[in-house]
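# Tertiary structure, described
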Amino acid sequence: MTDYANPPSGFNPDTAPRFGLNAQYTKDLSFEHPMAPRTFSMEGAPQISVNVGTQAERVNDTLFEVTLRILCEAKHGEETAFVVDLYYAGLFIIANIPPEHVEPLLLVEAPRLLFPFARRIVADATRDGGMPPLMLDPIDFLQQYQRSKQLEAEQQGMA
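Residues numbered from 1 in each chain as written. Predicted model: local features only at pLDDT ≥ 70, side-chain atom pairs only at ≥ 80, totals over all residues. Heavy atoms only, no water.

This part covers the pairing of strand 3 (residues 63-76). The buried fraction of strand 3 is high, at 10 of 14 residues. Here strand 2 (residues 47-58) runs beside strand 3; their pairing, made up of 12 bridges, is antiparallel. For V52, the partnering residue across the bridge sits in strand 3 and is I70. Hairpin connection from strand 3 to strand 4 (residues 79-95): 2 residues lie between these consecutive antiparallel strands, with G77 at a positive phi of about 65°. (Buried < 20%, exposed > 50% of the residue type's maximum accessible area, 1.4 Å probe, protein only. Helix = DSSP H or I, 4+ residues; strand = E, 2+ residues; numbered from the N terminus. Pairing = 2+ DSSP bridges.)

Right, let's talk about the sheet that holds strand 1 (residues 18-32) for a bit. In spatial order, the strands read 1-4-3-2; together these 4 strands make up an open sheet with antiparallel pairing. In the strand order of this sheet, the two ends are held by strand 1 and strand 2, each with one partner. For this sheet, the mean inter-axis angle between neighbouring strands, taken without regard to orientation, is 15°. Note that strand 3 and strand 4 share 14 bridges and pair antiparallel. What sits directly across from E73, in strand 4, is V83. Against the sheet, helix 1 (residues 99-128) engages strand 1, strand 2, strand 3 and strand 4, with an angle of about 140° to strand 4. (Axes fitted to C-alpha atoms, helices over the stretch in contact; angles between N-to-C directions. Contact = heavy atoms within 4.5 Å.)

With that settled, the discussion passes to the nonpolar core. Burial of nonpolar side chains together is a common tendency in soluble globular proteins. Counting residues in each nonpolar core, the largest one holds 30 residues, and the members touching the most others are L68, I70, C72, F82, V122 and L136. Contributions of two or more residues to this core are made by strand 3, strand 4, helix 1 and helix 2 (141-158). When residues in this core are grouped by element, the largest group, 10 residues, is from helix 1. (Core = buried A, V, L, I, M, F, W, Y, C linked by side-chain atoms within 4.5 Å.)

Let us look at the packing of helix 1 against helix 2. Close contact between helix 1 and helix 2 brings their axes to 9 Å; oriented N to C, the two are set at 145°. Relative to helix 2, helix 1 is oriented so that their crossing is right-handed. Here helix 1 contributes E103, P104, L107, V108, P111, R112 and F115 to the contact with helix 2, which in turn contributes F141, L142, Y145 and K149. Counted by class, the contact of helix 1 with helix 2 contains 8 nonpolar, no polar and 3 charged residues. (Left-handed = near helix turned anticlockwise from the far one by under 90°. Nonpolar A, V, L, I, M, F, W, Y, C, P; charged D, E, K, R; others polar.)

The following block contains the structure:
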């Protein structure tokens with residue numbers, strides 16, 4: 001059993017690695033349903049595209065804001081049935097982490113923690129807009145990060 005009252009010798013909480021979510025919030029949310037009420041009488045499911053992006057900004061020495069943008073667009077032919085555009089953010093504390101690990105924490109782990117909450121907001125927005133709830137598939141943020149790094153390396157190689 002771990003004795004939390006007596007940490008191991010040499011342990012210093014000021015130098016211990018820390019990564020945590022301090023707050024999360026909706027920065028911006030837009031739902032548009034330009035074809036209403038015609039969408040309710042249309043046959044067939046719309047074509048839905050989903051784009052997800054992440055961005056991280058330093059707030060101070062140990063605090064970072066990570067923003068997850070989710071843009072969903074549904075179309076019937078050339079006409080837009082609905083659009084959901086969400087910017088969902090979190091404030092993350094990162095302290096005593098080696099610099100080479102900070103970027104993956106911000107662009108992989110932070111969005112992974114935020115995504116379930118953003119997914120629910122998208123589902124609620126589409127349902128509240130009169131459409132069936134749009135349930136987004138889970139996103140592999142590690143694969144997305146690796147793909148962006150590979151693309152970045154290819155672009156640097158071409159320059």
